[in-house]
Amino acid sequence: MADECFGHPCLAAIYDPLDPDRSDLDAYVHMADEFEARRVLDIGCGTGVFALLLADRGVEVVGVDPAQASVDVARGKPGSERVRWICGDATTLPPLRVDLVTMTANVAQAIADPQTWRKTLRGAYEALRPGGHLVFETRDPARRAWEEWNREASYTVTEIPDVGDVESWVQLIEVSEPLVTFRWTYVFGADGQVLTSDSTLRFRGQQEVEAELTAQGYVVEDVRDAPDRPGREFVFVARRP
């Protein structure tokens, strides 16, 4: 199931304005170029920001996400007709043969259930052509990123056209490693409406991820640093033989 911040229509509609800086996607655009990918599957495409970046570059993109509200936002954007949007997940994909599969931002960590994670990796494997690549990121557990997730560090007020002021902040709910649960709160100034969204991420270590990739048939080619968050993330590059 999708978290409320992606699945609730009011929250999906303001997701992009609340997080306008997507420079984290630059590394994935560069990798699409590096691997000369002409067909890409974007797992957890959300509101379609990355899928549309690739489509603008002439790449054939399939975007899949379990949150119907987010997919609806993606479909409403200019140029969205160039992307094939699927409301679902990587475990029930139609037959595909893509050059590259991506899971950007928190997508890999948001798949917290071990069995679902294995099925997702298998679904991505089946979608790839032989020689195609899977790339995704996950936070280094040793950096304990959750210790910075609090209201004081995250509180913002954002003016959103046709919506008004929206206050937002995050609070840590529970740490039971490798699982970390947190809550975003949103207060709409126009009518005082308060919405919340709880999320749980799984913090996997590098060796754990590599072992699971190998078990699913991948060859792990590289583990890179995230250019915009040096020392904080692992970026995995795996290939289907």
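Here the structure is a predicted model, which is why all the values come from computation and not from measurement.

**Q** Give a detailed account of unusual backbone geometry, specifying residues and quantitative values.
**A** Omega for the bond connecting glutamate 177 with proline 178 falls within 30 degrees of zero, at 15°, which places this linkage in the cis form. With respect to the helices and strands, proline 178 occurs in the loop between β7 (164-176) and β8 (179-188). Here the phi dihedral of alanine 105 falls at roughly 50°; this positive angle occurs in a residue that is not glycine. In this structure, alanine 105 sits in the loop between β4 (98-103) and α6 (107-110). Not every positive phi belongs to a glycine, and arginine 144 is a case in point at roughly 50°. Here arginine 144 shows up in the loop between β5 (128-139) and α8 (151-154). Judged by its relative accessible area of 32%, arginine 144 is partly exposed.

**Q** Tell me about the pattern of salt bridges, and please be specific about residues and values.
**A** Taken as a whole, this structure holds 17 salt bridges when the rule is applied. A salt bridge links aspartate 99 to arginine 39, with the shortest nitrogen-to-oxygen separation between them at 3.2 Å. Residue aspartate 99 is located in strand β4, and its partner arginine 39 is located in strand β1 (residues 39-43); the two are separated by 60 residues in the primary sequence. Its salt-bridge partner being arginine 224, residue aspartate 222 comes within 3.0 Å of it at the nearest N-O pair. Three or more residues are tied together by salt bridges with common partners; here these are Glu137, Asp228, Arg229 and Glu233.

**Q** Mind laying out helix α4 (residues 49-56), listing which residues take part and the relevant values?
**A** Turning to α4, its buried residues are Phe50, Ala51, Leu52, Leu54 and Ala55. Residues of α4 that are buried make contact with α3 (26-34), β1, β2 (60-65), β3 (83-87) and β4. Positive backbone phi, approximately 85°, marks glycine 58, located one or two places after α4.

**Q** Could you give an account of the packing of helix α2 (residues 9-18) against helix α5 (residues 68-75), with specific residues and numbers?
**A** The geometry of a pair of packed helices is captured by two quantities: the angle between their axes and the separation between those axes. As a packed pair, α2 and α5 sit with axes 8 Å apart at the nearest point and diverge in direction by 45°. Between α2 and α5, the interaxial angle falls into the category oblique. Seen from above, α2 lies across α5 with right-handed handedness. On the side of α2, the interface is formed by Pro9, Ala12 and Ala13, while α5 contributes Ala69, Ser70 and Val73. In terms of residue class, the contact of α2 with α5 is built from 5 nonpolar, 1 polar and no charged.

**Q** Got a sec to walk through the UniProt feature "domain: Methyltransferase" (unreviewed entry) in the protein? Specific residues and values, please.
**A** Cross-referencing UniProt, the feature "domain: Methyltransferase" (unreviewed entry) maps to residues 40-132 in the present numbering. For the annotated span residues 40-132, helix accounts for 37% and strand for 28% of the residues, and the straight-line distance between the end C-alpha atoms is 10 Å.

Rules of the game
- Residues numbered from 1 in each chain as written.
- Predicted model: local features only at pLDDT ≥ 70, side-chain atom pairs only at ≥ 80, totals over all residues.
- Heavy atoms only, no water.
- Helix = DSSP H or I, 4+ residues; strand = E, 2+ residues; numbered from the N terminus.
- Buried < 20%, exposed > 50% of the residue type's maximum accessible area, 1.4 Å probe, protein only.
- Salt bridge = Lys/Arg side-chain N within 4 Å of Asp/Glu carboxyl O.
- Contact = heavy atoms within 4.5 Å.
- Axes fitted to C-alpha atoms, helices over the stretch in contact; angles between N-to-C directions.
- Parallel < 35°, antiparallel > 145°, perpendicular 65-115°, else oblique.
- Left-handed = near helix turned anticlockwise from the far one by under 90°.
- Nonpolar A, V, L, I, M, F, W, Y, C, P; charged D, E, K, R; others polar.
- UniProt positions renumbered as here; feature names shortened; annotations may be inferred.

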